[in-house]
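Here is what each chain is made of, one letter per residue.
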6 protein chains.
Amino acid sequence: MRIDKRKNDQLRKITIHTHFLKNAHGSCLIEMGDTKVVCSASVEAKVPPFCKLEEKGWVTAEYGMLPASCSERIAREASKGKLSGRTQEIQRLIGRSLRSIVDLKKLKDRTIWLDADVIQGDGGTRTASITGCYIALEQAVQKLLIEGIITENPILDSVAAVSVGVVGGMPVLDLCYAEDSKAEVDMNVVMTGSGKLVEVQGTAEGKPFTELTLQKMLQLAKQGIRKLTAIQKKYVQS
Amino acid sequence: MRIDKRKNDQLRKITIHTHFLKNAHGSCLIEMGDTKVVCSASVEAKVPPFCKLEEKGWVTAEYGMLPASCSERIAREASKGKLSGRTQEIQRLIGRSLRSIVDLKKLKDRTIWLDADVIQGDGGTRTASITGCYIALEQAVQKLLIEGIITENPILDSVAAVSVGVVGGMPVLDLCYAEDSKAEVDMNVVMTGSGKLVEVQGTAEGKPFTELTLQKMLQLAKQGIRKLTAIQKKYVQS
Amino acid sequence: MRIDKRKNDQLRKITIHTHFLKNAHGSCLIEMGDTKVVCSASVEAKVPPFCKLEEKGWVTAEYGMLPASCSERIAREASKGKLSGRTQEIQRLIGRSLRSIVDLKKLKDRTIWLDADVIQGDGGTRTASITGCYIALEQAVQKLLIEGIITENPILDSVAAVSVGVVGGMPVLDLCYAEDSKAEVDMNVVMTGSGKLVEVQGTAEGKPFTELTLQKMLQLAKQGIRKLTAIQKKYVQS
Amino acid sequence: MRIDKRKNDQLRKITIHTHFLKNAHGSCLIEMGDTKVVCSASVEAKVPPFCKLEEKGWVTAEYGMLPASCSERIAREASKGKLSGRTQEIQRLIGRSLRSIVDLKKLKDRTIWLDADVIQGDGGTRTASITGCYIALEQAVQKLLIEGIITENPILDSVAAVSVGVVGGMPVLDLCYAEDSKAEVDMNVVMTGSGKLVEVQGTAEGKPFTELTLQKMLQLAKQGIRKLTAIQKKYVQS
Amino acid sequence: MRIDKRKNDQLRKITIHTHFLKNAHGSCLIEMGDTKVVCSASVEAKVPPFCKLEEKGWVTAEYGMLPASCSERIAREASKGKLSGRTQEIQRLIGRSLRSIVDLKKLKDRTIWLDADVIQGDGGTRTASITGCYIALEQAVQKLLIEGIITENPILDSVAAVSVGVVGGMPVLDLCYAEDSKAEVDMNVVMTGSGKLVEVQGTAEGKPFTELTLQKMLQLAKQGIRKLTAIQKKYVQS
Amino acid sequence: MRIDKRKNDQLRKITIHTHFLKNAHGSCLIEMGDTKVVCSASVEAKVPPFCKLEEKGWVTAEYGMLPASCSERIAREASKGKLSGRTQEIQRLIGRSLRSIVDLKKLKDRTIWLDADVIQGDGGTRTASITGCYIALEQAVQKLLIEGIITENPILDSVAAVSVGVVGGMPVLDLCYAEDSKAEVDMNVVMTGSGKLVEVQGTAEGKPFTELTLQKMLQLAKQGIRKLTAIQKKYVQS
């Protein structure tokens, strides 16, 4: 039995508030259980130098946590004057994941900044960020199409992510923090709406795991992402 | 006539959601018009060295803005690796303002961190932060009293803040961003519930102003803060 | 009775050595009692990007303290690798104050850097910096006019500043460090030669203060600045 | 046919020079084709605070590249003043991988620093670092045992790593840089000598990949690591 | 003929104002021609960790330049957030030079911070700093002796420094900036009052120089330092 | 008798492996006894702004040490986020030394980056870096000539460096770390193949030294560099 009574293959309750911010080109507040992340997409009318050469646009991501989002207050990275390794790893992951479903050529000379800011954290913040940023990205792209800044939709597929892991010897889906902190294996899977893999990152926390465990976690993740994809569809006009 | 049809001495609509965060010792989401700030109070069981010597507690504040909170995306200070002068000025102001109503001796060996994070900004973020942080502080102190960590209430008074300014030659209360960006004079006033001044910061944006203008702005601020104090009372158990 | 026998409305002895530095476009050493600040104005033949767009010049300020200027050696900010919040607040204040009396359009494509470096500090370093930088600025502008780089004098008024405060329950003018360190209220006032306000920054150090106290401090400040303005005139050719 | 004529499941030539450095507790130079990494293990007689509480030792890793190790000179991170996100990701991966085979309790109050410095890079530097650091770690642990500083061997298993990927539609083992730069999928696998998984990190570079591709890459990686494990054994006395 | 009409072996005019700062334990303003440096010595009642182990005191130096000290305004290192290589080289040189004449054991558990701040620079600022810091150091040590904090004088000798160089093919003493900027060879010599060498740093600016040139410069430096030593004596009570 | 049985005027065993790196334009591994430094020269097709104005090329150097190169692991400067004063001093010295033998005009619009990375340190790393970087520089220049990027050889002379010092009262050549750490005087001499001086940096470590000692050290250095020059010739095609 899981700590919050869920079945092993059950996601937490998901709530999505779209158009959460007045100013961003796209935004939502995504809640997966007690994890709450503000996701936004902001369009900038320039691209990094290497994109200029290749005549393409860019999609990049940044990630942050409010100091009081976790059970212990976490020091502000702005005050410490540098990003932790964890933050950098996460924002690189979000950026790569979202770029995997975008045809950057069609974005022309625009950069889309995806920001994921954790208001409250209870495990799975990076996967919720990816799932939410996709919705913000869709809104921003719709706006660019409507404004005529781009003429073809550069989004090729949807993308969502979920965590899986092994807790107390059992593979489980969508770990909350209490599970995550005692998991033996921790894995994040990013997948497209059409069922292709974008990222698979499995890590032995305590001790190494077998290939069979890997396979079981993969199956759980696939099921979870299929449900997330269905939910995303409701909030995005195609 | 003001841009949003308010009278010169009229505050924007205020909404306060208390206990906004699950983990912080105290928290609220304060909205003044389109300005939305998450305020939280986190208790830490240690104090800075100079407080140890004087056997007192400490109250300090930090302030941040989400990148997509404003009309143009603002770069993350964590990514730039340093706090802007503006941010430091604001967090020093919030900290000083809240300390002015706390008897630090009674806080014993605890530090209370106040965090103000702007989710959406439309002018007056620093004053909304002060008004909201007071509520978060009250909650945190109640918790410390209930847990028996402190035995006497260290809070001596309430505190709230508001901006006033001169726009188009007219003194007005509680400027929104559209007003703020073209104001000739900009002033922030911090006052206690008992009507004492904590901070008065008036700045000529365009050109110097007369003493008469200063006096008019002060009166507007006093009225505004009286209303804010009444609202704060509803959310704080005395 | 004040610690240095002055009357409540009495300034400390002021000494100004103009043209203190060989290389700067303008400079002076200003002494207010034991507070000694080297003020200089350096002209640079370029402006920040936002000034280029608006076709105007720029005036900006930086502030520093020699490590041995105070009773305890203070660590160099250059060695610590960052400016303290206090330093940034002060240099923003000096910059704003001096810009308030300059028609930037007439400065054309020049930036004037004002540097205030405290050789010895005994309270009121930021206000002495403003009073002294005005003199350095005047010299630099005269030089630009003589050299024909600008054709119209961009300086609209003079500007000076003074501190006031409440010490032992009494409002007093121009606090020395011994007074400043035990003041209940601390206020800096920046005013033009024509008697207009540029900045009013009043802070409750210990406990909040009444509006009546604010008014008394304002009157003291006005008298003090009137005297400073008269002294400045002697050192500036109009 | 691969660019360097290897078969799809063929590793590059591996050369290991053990005891490469005079001063480190353990060290080797590992070469996989043209990729050359100096790996070392240095013992420090203290542990981070959180280890003190749990009465255990620590293993951590740092990674760097010589400026001239790659085809284009890369700027020194020491000169830029900060570690790139890539470097931090890699050193976190190396540290986690090596900790997965160590019983930290038996390391007592010692920290082992693993340093991987790329002298020449031609793809697969992070996996070569893990494979080489294991050898350096073994040497350092042997030394600690001989010196009697620890009494039980804390190493539970061996560990090695390899990259796999999809190039031109074909899953291949141990990519050189020329392959890596045009790979459609890139995956790093870390495995113990007993065949358990420690890390699986697969990333779609160009476009998302199928689960079948993931399975094929996993099989290639398993075969490759089995060979690496056999080679490591020769250099480590059991 | 030299640019300022001096003979090749002639020092610039030297002026020393001792006890220049009210708060420092020792201080002077040293002027060598137009080069003006504020030198101070501040005593701190603690030592770095490695001195604690060896039960000795410490002498260290820091160096800075006011932004307007040179013909072009130089950016503040505090604003840039780091010390230039030049600054670090100079402060290491000043520190080493002064330590060479101090018996650190007799300084007990005190650190003496020497600060050299260039108010105006016209060549030879590092050598003037050494010559002036010796005077500040002497004052600070006298104070420590008088206060009974140390019981034996730790100063073993005096120390002074001068620059020499080759300008227009001629070896010259004590270069001003105009000479320095076109010198073919630049050398700084630090010597004790008893005629021993502390530092010799000769650098070919344009092209390499002969050993004979080195010898001639050494002789010039020796003569110059002998004069500086005589001047220092007047300001220091032995 | 010296610690490693060498005569006072005897160099340590020198080994040079040229073309040590596949990618750099020039490179070697230089070993002087147990000191091992990878030296490389990388050509970049741009120059710093001040060189553009003067229509010349540039030669600059950077220096680093592997963490495990010394008897105690040294923390990575990249992790600490800044270069130590020692590192900056050394890289400035290497850069100046190599520039002294290059006609920058003939380098046209190219920058040559010299990197010296200490794999193992046993004293004299900065002098070995200079001696080795000369060889790397020669290779890079040959390549530029062959490729027709420059048409005239900009190298005017060879350059080499050696340390001398006083150990146990005796002047000795080429100190190893055990000697260096107890030397009374430490001196680095940089000289051209034609016997001209480029840099002379002598420092009293413990106590000041006589001019006679300086002369003896200079003679030792001259002999040592003559031998190094002969060795360099073997590895460089003229």
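Since the structure is predicted, the reported quantities are computational estimates derived from the model, not experimental observations.

Details of the overall build of chain A
Within chain A, the secondary structure is distributed over 6 helices and 9 strands. Computed over its C-alpha atoms, the radius of gyration of chain A comes to 18 Å, within 12% of the 18 Å expected for a compact globule of 238 residues. Once the C-alpha set of chain A is aligned to its principal axes, its extents read approximately 55 × 40 × 30 Å. Counting across all 238 residues of chain A, residues that qualify as buried make up 61%. Element-wise, carbon and sulfur atoms account for 51% of the exposed surface of chain A, whose accessible area totals about 9,400 Å². One way to put it: in chain A the 34 positive side-chain charges average out to a point 2 Å from where the 28 negative ones average out.

Digging into the interface of chain A and chain B
Across the boundary between the two partners, chain A contributes 34 residues, which contact 34 residues of chain B. In terms of surface lost to chain B, no three residues of chain A exceed A:Asn23, A:Arg73 and A:Arg76, which account for 22% of the buried area on that side. Between chain A and chain B we count 12 salt bridges in total. A salt bridge links B:Arg76 to A:Glu62; its shortest N-O distance comes to 3.1 Å. Run the count over chain A and chain B and you get 18 residue pairs in polar contact (both at pLDDT 80 or more).

Observations regarding the packing of helix α4 (residues 125-146) of chain C against helix α6 (residues 211-235) of chain C
All names here are of chain C. As a packed pair, α4 and α6 sit with axes 10 Å apart at the nearest point and diverge in direction by 25°. Comparing their axes, α6 and α4 come out roughly parallel. Of the two possible hands of crossing, α4 and α6 adopt the one that is right-handed. Seen from α4, the contacting residues are Thr-131, Tyr-134 and Ile-135; seen from α6, they are Leu-228, Gln-232 and Tyr-235. Residues belonging to the contact of α4 with α6 are distributed by class as follows: 4 nonpolar, 2 polar and no charged.

Section: the environment of B:Asp115
As for its position among the elements, B:Asp115 is in strand β5 (residues 111-120). For the pair formed by B:Asp115 and B:Gln91, sequence separation is 24 residues and the distance between their alpha carbons is 8.9 Å. B:Asp115 has contacts with A:Pro67, A:Arg73, A:Arg76, B:Val38, B:Cys39, B:Ser40, B:Glu62 and B:Cys133, leaving out every residue within four places of it along the chain. Among the polar contacts made by the side chain of B:Asp115, one reaches the side chain of A:Arg76 at a distance of 2.7 Å.

Concerning the pattern of salt bridges
For the structure on display, the rule yields 112 salt bridges over all chains. F:Arg12 serves as the salt-bridge partner of F:Asp174, at 3.2 Å between the closest nitrogen and oxygen. Highlighted residues: F:Asp174 in the loop between β7 (170-173) and α5 (177-180) and F:Arg12 in the segment before β1 (14-18), separated in sequence by 162 residues. Taking relative accessible area as the criterion, F:Asp174 reaches 1% and is therefore assigned buried. Residues participating in the shared-partner salt-bridge network are A:Arg2, A:Asp4, A:Arg6, A:Arg12, A:Asp122, A:Asp174 and A:Glu179.

Digging into the arrangement of the chains
Structurally, chain C and chain D remain out of contact, their C-alpha atoms never closer than 12 Å. At no point do chain B and chain F touch; the closest pair of C-alpha atoms across them sits 12 Å apart.

Quick look at the packing of aromatic side chains
Here the structure, examined in full by the defined rule, presents 6 aromatic pairs over all chains. Ring centres of C:Phe50 and C:Trp58 lie 4.9 Å apart, and the angle between their planes is 85°; this geometry places the pair in the edge-to-face category.

Some remarks on the side chain of A:Gln120
With respect to the helices and strands, the residue A:Gln120 is situated in strand β5 (residues 111-120). Take A:Gln120: its relative accessible area is 2%, and that puts it in the buried class. Only 3.1 Å separates the side chain of A:Gln120 from the backbone oxygen of A:Asp34, close enough to count as a polar contact. Looking at A:Gln120, its side chain comes within polar contact range of the main-chain nitrogen of B:Lys22, at 2.7 Å.

Re the relation of the copies chain A and chain B
With an axial shift of 0.0 Å and an RMSD of 0.0 Å, the rotation relating chain A to chain B amounts to 180°. What the superposition gives is, in effect, a two-fold axis relating one chain to the other. Residue A:Ala78, judged by its C-alpha, is the member of chain A lying nearest the rotation axis, at 1.8 Å. Comparing contact sets, 100% of the residues at the interface of chain A also lie at the interface in chain B, consistent with an isologous, same-surface contact.

Focus on the sheet that holds strand β7 (residues 170-173) of chain E
In space, the 8 strands of this open sheet follow the order β7(E)-β6(E)-β8(E)-β9(E)-β9(F)-β8(F)-β6(F)-β7(F), with antiparallel pairing throughout. Of all strands in the sheet, those with a lone pairing partner are β7 of chain E together with β7 of chain F, marking the two edges. Taken over all neighbouring pairs, the strand axes of this sheet differ in orientation by 15° on average, direction set aside. Against the sheet, helix α3 (residues 85-99) of chain E touches β6 (159-167), β8 (185-192) and β9 (197-204) of chain E together with β9 (197-204) of chain F, its axis set at about 150° to β9(E). The sheet contacts of helix α3 (residues 85-99) of chain F involve β9 of chain E together with β6 (159-167), β8 (185-192) and β9 of chain F, and relative to β9(F) the element is tilted by about 150°.

Focus: unusual backbone geometry
For C:Glu55, which is not a glycine, the phi torsion comes out positive at approximately 50°. Positionally, C:Glu55 belongs in the loop between α1 (49-54) and β4 (58-65). The exposure class assigned to C:Glu55 is exposed, which follows from its relative accessible area of 64%. The backbone of F:Lys5 shows a phi angle near 70°, a positive value even though the residue is not glycine. Among the secondary structure elements, F:Lys5 is positioned in the segment before β1. F:Lys5 gets classed as exposed once you look at its relative accessible area, which sits at 65%.

Some remarks on helix α3 (residues 85-99) of chain C
All names here are of chain C. The end-to-end C-alpha separation of α3 is 21 Å, in line with the 21 Å expected for 15 residues at 1.5 Å each. With 12 of 15 residues buried, α3 lies mostly within the body of the structure. The set of residues buried in α3 consists of Gly-85, Thr-87, Gln-88, Glu-89, Ile-90, Gln-91, Leu-93, Ile-94, Gly-95, Arg-96, Ser-97 and Leu-98.

Overview of the pairing of strand β9 (residues 197-204) of chain D
Counted residue by residue, β9(D) has 8 buried out of 8 residues, so it is predominantly covered. When strand β9 (residues 197-204) of chain A meets β9(D), the two strands line up antiparallel, connected through 5 bridges. Paired with A:Thr203 across the two strands is D:Glu199, which belongs to β9(D). Across 7 bridges, the pairing between strand β8 (residues 185-192) of chain D and β9(D) is antiparallel.

Thoughts on the side chain of A:Ser97
Mapped onto the elements, A:Ser97 comes out in helix α3 (residues 85-99). At a separation of 2.8 Å, a polar atom in the side chain of A:Ser97 contacts the main-chain carbonyl oxygen of A:Leu93.

Considering the environment of F:Leu137
All names here are of chain F. The residue Leu-137 is located in helix α4 (residues 125-146) in this model. The spatial distance from the C-alpha of Leu-137 to the C-alpha of Ile-14 is 19 Å, given a sequence separation of 123 residues. When neighbours within four sequence positions are excluded, Leu-137 is seen to be in contact with Ala-41, Leu-98, Ile-101, Val-102, Ile-112, Leu-114 and Ile-155.

Notes on the confidence of the model for chain A
A residue-level look at chain A finds 99% of positions with pLDDT of 70 or above and a mean pLDDT of 96. Here the predicted complex carries an ipTM of 0.93, next to a pTM of 0.92.

Describing the sheet that holds strand β4 (residues 58-65) of chain D
Residue and element names in this part refer to chain D. Strand order in this open sheet of 5 strands is β1-β2-β3-β5-β4, and the pairing throughout is mixed. With partners counted over all chains shown, the strands left at the sheet margins are β1 (14-18) and β4, one partner each. Here the strands of the sheet are splayed against their neighbours by 15° on average, with no regard to which way each runs. Sheet topology places strand β3 (residues 35-44) next to strand β5 (residues 111-120); 9 bridges connect them, and they run antiparallel. Residue pairing across strands places Cys-39 opposite Ala-116, the latter belonging to β5. Sheet strands in contact with helix α4 (residues 125-146) are β1, β2 (26-32), β3, β4 and β5, and its direction is about 35° off that of β3.

Things to note about the environment of D:Cys39
Residues and elements named next belong to chain D. Mapped onto the elements of the fold, Cys-39 is located in strand β3. Overall, the relative accessible area of 0% leaves Cys-39 in the buried class. In this structure the C-alpha to C-alpha distance between Cys-39 and Thr-87, which are 48 residues apart in sequence, comes to 15 Å. Beyond its immediate stretch of four places on either side in the chain, Cys-39 contacts Gly-26, Ser-27, Cys-28, Ile-30, Asp-115, Ala-128, Ser-129, Gly-132, Cys-133 and Ala-136.

Overview of the state of the cysteines
Here the structure, examined in full by the defined rule, presents 0 disulfides over all chains. You can see D:Cys28 has no disulfide; the closest cysteine sulfur is in D:Cys39, sitting 4.6 Å from it. Here F:Cys70 is not disulfide-linked; the sulfur of F:Cys176 is the nearest cysteine sulfur, at 13 Å.

About the thresholds
- Residues numbered from 1 in each chain as written.
- Chains lettered and ligands numbered in written order.
- Predicted model: local features only at pLDDT ≥ 70, side-chain atom pairs only at ≥ 80, totals over all residues.
- Heavy atoms only, no water.
- Helix = DSSP H or I, 4+ residues; strand = E, 2+ residues; numbered from the N terminus.
- Rg over C-alpha atoms; globule rule 2.2 N^0.38 Å.
- Buried < 20%, exposed > 50% of the residue type's maximum accessible area, 1.4 Å probe, protein only.
- Areas by Shrake-Rupley, 256 points an atom, 1.4 Å probe, with all protein chains shown as cover.
- Lys, Arg positive; Asp, Glu negative; His and termini not counted.
- Charge placed at Lys NZ, Arg CZ, Asp CG, Glu CD.
- Contact = heavy atoms within 4.5 Å.
- Buried area = accessible area lost by both parts, 1.4 Å probe.
- Salt bridge = Lys/Arg side-chain N within 4 Å of Asp/Glu carboxyl O.
- Polar contact = N/O pair within 3.5 Å; in protein donor to acceptor, adjacent residues only side chain to side chain.
- Axes fitted to C-alpha atoms, helices over the stretch in contact; angles between N-to-C directions.
- Parallel < 35°, antiparallel > 145°, perpendicular 65-115°, else oblique.
- Left-handed = near helix turned anticlockwise from the far one by under 90°.
- Nonpolar A, V, L, I, M, F, W, Y, C, P; charged D, E, K, R; others polar.
- Phe/Tyr/Trp six-rings, centres within 6.5 Å; stacked < 30°, edge-to-face > 60°.
- Least-squares fit on C-alpha atoms with pLDDT ≥ 70 in both.
- Pairing = 2+ DSSP bridges.
- Expected span 1.5 Å × (residues − 1).
- pLDDT = per-residue confidence, 0-100.
- Disulfide = S-S within 2.5 Å.

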